[in-house]
Amino acid sequence: MKEIVKKNLERWLNSSRVSAEDKAKLNAMSEEQLDDAFFKNIAFGTAGIRGILGPGTNRMNYFTVLKATVGFGLYLKELYKDLDSISVAISHDNRHFSREFTLESAEILNKMGINTYIFDSLRPTPELSYAVRYKKCQGGIMITASHNPKEHNGYKVYDEEGCQLVPSKIKRLIEIIGSLNDELNVDVPLSDKPGKNEVLGPDVDETYVKEVEKIVIDPALDKKNFKIVYSPNHGTSFVNAMKVFKDEGYEVYPVTSQCPPDPNFSATLSPNPEDPRAFIESIKLANEIGADQICMTDPDGDRVGLATKLPNGEFALMTGNESAAILLDYILIHKKEKGEDLSKYVVYNTVVSSMLGKAICDYYGVRIESFLTGFKYIGDRIHHYEVNGGYEFLFGYEESYGCLASPFVRDKDGIQAILLYSEMGLAYHLKGKNLVEAYDEICNKVGKFYHSELFNIYFEGSEGQAKMDSIMTRLETDPFKEINGKKVSVIENYFKLTRKDLLTGEETPIEGLPKGDLVKFYFEDGSNIAIRPSGTEPKCKFYIEVCAKNRKEAEGKPAELFEELKKNLL
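Residues numbered from 1 in each chain as written. Predicted model: local features only at pLDDT ≥ 70, side-chain atom pairs only at ≥ 80, totals over all residues. Heavy atoms only, no water.

1. Points about the sheet that holds strand E7 (residues 227-231)
Phase 1 of the analysis: Overall, mixed pairing links the five strands, which are arranged E8-E7-E9-E10-E11 in an open sheet. Looking at the sheet topology across the chains shown, the edges are occupied by strand E8 (251-254) and strand E11 (315-318). Averaged over all pairs of adjacent strands, the angle between strand axes in this sheet comes to 25°, irrespective of strand direction.
Phase 2 of the analysis: The sheet contact formed by strand E9 (residues 293-297) and strand E10 (residues 304-309) spans five bridges and is antiparallel. Each bridged residue has a counterpart across the sheet, and for Thr-297 the counterpart in E10 is Val-304.
Phase 3 of the analysis: Sheet strands in contact with helix H9 (residues 238-247) are E7 and E8, and its direction is about 165° off that of E7. (Pairing = 2+ DSSP bridges. Helix = DSSP H or I, 4+ residues; strand = E, 2+ residues; numbered from the N terminus. Axes fitted to C-alpha atoms, helices over the stretch in contact; angles between N-to-C directions. Contact = heavy atoms within 4.5 Å.)

2. Thoughts on the packing of aromatic side chains
Phase 1 of the analysis: Applying the stated rule across the entire model yields 20 aromatic pairs.
Phase 2 of the analysis: Seen from their ring centres, Tyr-439 and Phe-449 are 5.8 Å apart, and the 90° between their planes marks the pair as edge-to-face. Of the two residues, Tyr-439 sits in helix H15 (residues 435-446) while Phe-449 sits in strand E16 (residues 449-458), which places them ten residues apart along the sequence.
Phase 3 of the analysis: According to the relative accessible area criterion, Phe-449 is buried, its value standing at 3%.
Phase 4 of the analysis: Here a set of aromatic residues connected by ring pairs shows up, and it is made of Trp-12, Phe-38, Tyr-62 and Phe-63.
Phase 5 of the analysis: Lying over the aromatic face of Phe-523, Lys-486 brings its terminal NZ or CZ to 5.3 Å of the ring centre.
Phase 6 of the analysis: Above the ring of Tyr-522, the side-chain terminus of Arg-499 is found at 5.6 Å from the ring centroid. (Phe/Tyr/Trp six-rings, centres within 6.5 Å; stacked < 30°, edge-to-face > 60°. Buried < 20%, exposed > 50% of the residue type's maximum accessible area, 1.4 Å probe, protein only. Lys NZ or Arg CZ within 6 Å of the ring centre and 35° of its normal.)

3. Considering the sheet that holds strand E12 (residues 345-350)
Phase 1 of the analysis: Within the open sheet, the four strands sit side by side as E13-E12-E14-E15. Their pairing is mixed. Among the strands making up the open sheet, the edge pair consists of strand E13 (367-371) and strand E15 (402-404). Here the strands of the sheet are splayed against their neighbours by 15° on average, with no regard to which way each runs.
Phase 2 of the analysis: Sitting on the sheet, helix H12 (residues 356-364) is in contact with E12, E13 and strand E14 (392-398), with an inclination near 160° to E13.

4. Digging into the packing of helix H11 (residues 320-337) against H15
Phase 1 of the analysis: Where H11 contacts H15, the axes come no closer than 10 Å and their chain directions differ by 70°. Judged on the interaxial angle alone, H15 and H11 are roughly perpendicular. The way H11 lies across H15 gives a crossing that is left-handed. Note on element contacts: H15 touches H11 through Leu-435, Ala-438, Tyr-439, Ile-442 and Lys-445, opposite Glu-322, Ala-325, Ile-326, Asp-329 and Ile-333.
Phase 2 of the analysis: Residue composition of the contact of H11 with H15, grouped by class: seven nonpolar, no polar and three charged. (Parallel < 35°, antiparallel > 145°, perpendicular 65-115°, else oblique. Left-handed = near helix turned anticlockwise from the far one by under 90°. Nonpolar A, V, L, I, M, F, W, Y, C, P; charged D, E, K, R; others polar.)

Put into structure tokens, the structure is as follows:
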């Protein structure tokens, strides 16, 4: 057993604050399980803290939530020291201990003199972002593990704009958390004037839904004979989604077994829309009732999976890159038809998103800006232009099934997405086309077919972490010059923020972005590969995109490249 693991374990077993139940769990763990639970402190990643529930320093539990909340409270009191009162909105998803962590966080902040707003029950992540803005809070907390397995939970923090904290802001929060005692010995600094906790009223839900419904592009579309199957994946979006569907007149059939907010996700094999298993029950229902489209939100309601019915009756699952590209094109078509000046707009995505987004923006003459993964960068950039003037926000998206159409929310919004995905699906349906055909048409329009896939390799425990770190170090210091016979033309190194053209030898800086654990390879034909460690799970992510003349020529190629990468890296 490693020394750090042994030291942390003994500290927990000898602490009077750790319950007998948790000590029994620790004593029953294998050495491998203890290593994963104690080899490090759970840390903020691209989306805050996220991890397995249970005892341990690398786990989500009362003590790690306590330390994070005290740190966040101190951060806000330092940042807003001139304010008489500070307030924080808090929400949670359907997971085990989500409500308990919400109440714990509110109680801690109240003791520190900070007012809190909580909902009467679970609410989606985008509504938490909205609540921060609606109540003019100085911060927000969302208790969620998003689409992770049922054993996980998480903790995300938001600024006064309803945006997750970007590195320049979270740096100070991490410093404050790091200055605190270890998680078992953190004391809540009591205020002479305790804060108050208030349960939010129905006005937050009602006004949020009204704002969502304002984004409809073409309300005149005939919705008859267009059936949609919807699943909230046992999560937070069922009430809001069904309200929007009803108000807008869509014929929607919910997957009833997946509607209750079940922390065990009993009626699905996966709560992640990126996983084909998440669609099994939805497809069954869609076949039964003759549906044309399937939409599903992930458990915390910020991402949407989409499937479209093909002429042979089967359903094709759309990737986040595909669905976002079709929606972006749909939005721009309507803007162009209205005669708007498209050069005033800006679209946001990430450096691991498909290059099709840029091709579409270039086609219409719209500016596009790309950021590191994490929707916080997009939310922060929206605020930048609002304050300083400049381009008008049009659309923002990530390849991981998240997008935003209206910036009254500063995080990706699943309810906005299902409304617009339903509208664009209907629009193409009325033309006798499915979304696969729509995607192929867009690629033909821009002159190249883009086919992207995401692959993962998991690295558990301290040894896994060391292996993943070694892979990223190798990619940074000795990057590939050729992969599976394809010569690399450009390497973007986000560790150093440099872009090197291997054909000319010229190296230029990547400007406007913070450093990140990411290396991206480009090939002469436009294909590309981006590799980075996940910020929320112990895995390395491989974003592989192949450019070809058509769909048939591209199919299977990303998997071939991934197999070659594994041979060279593992």
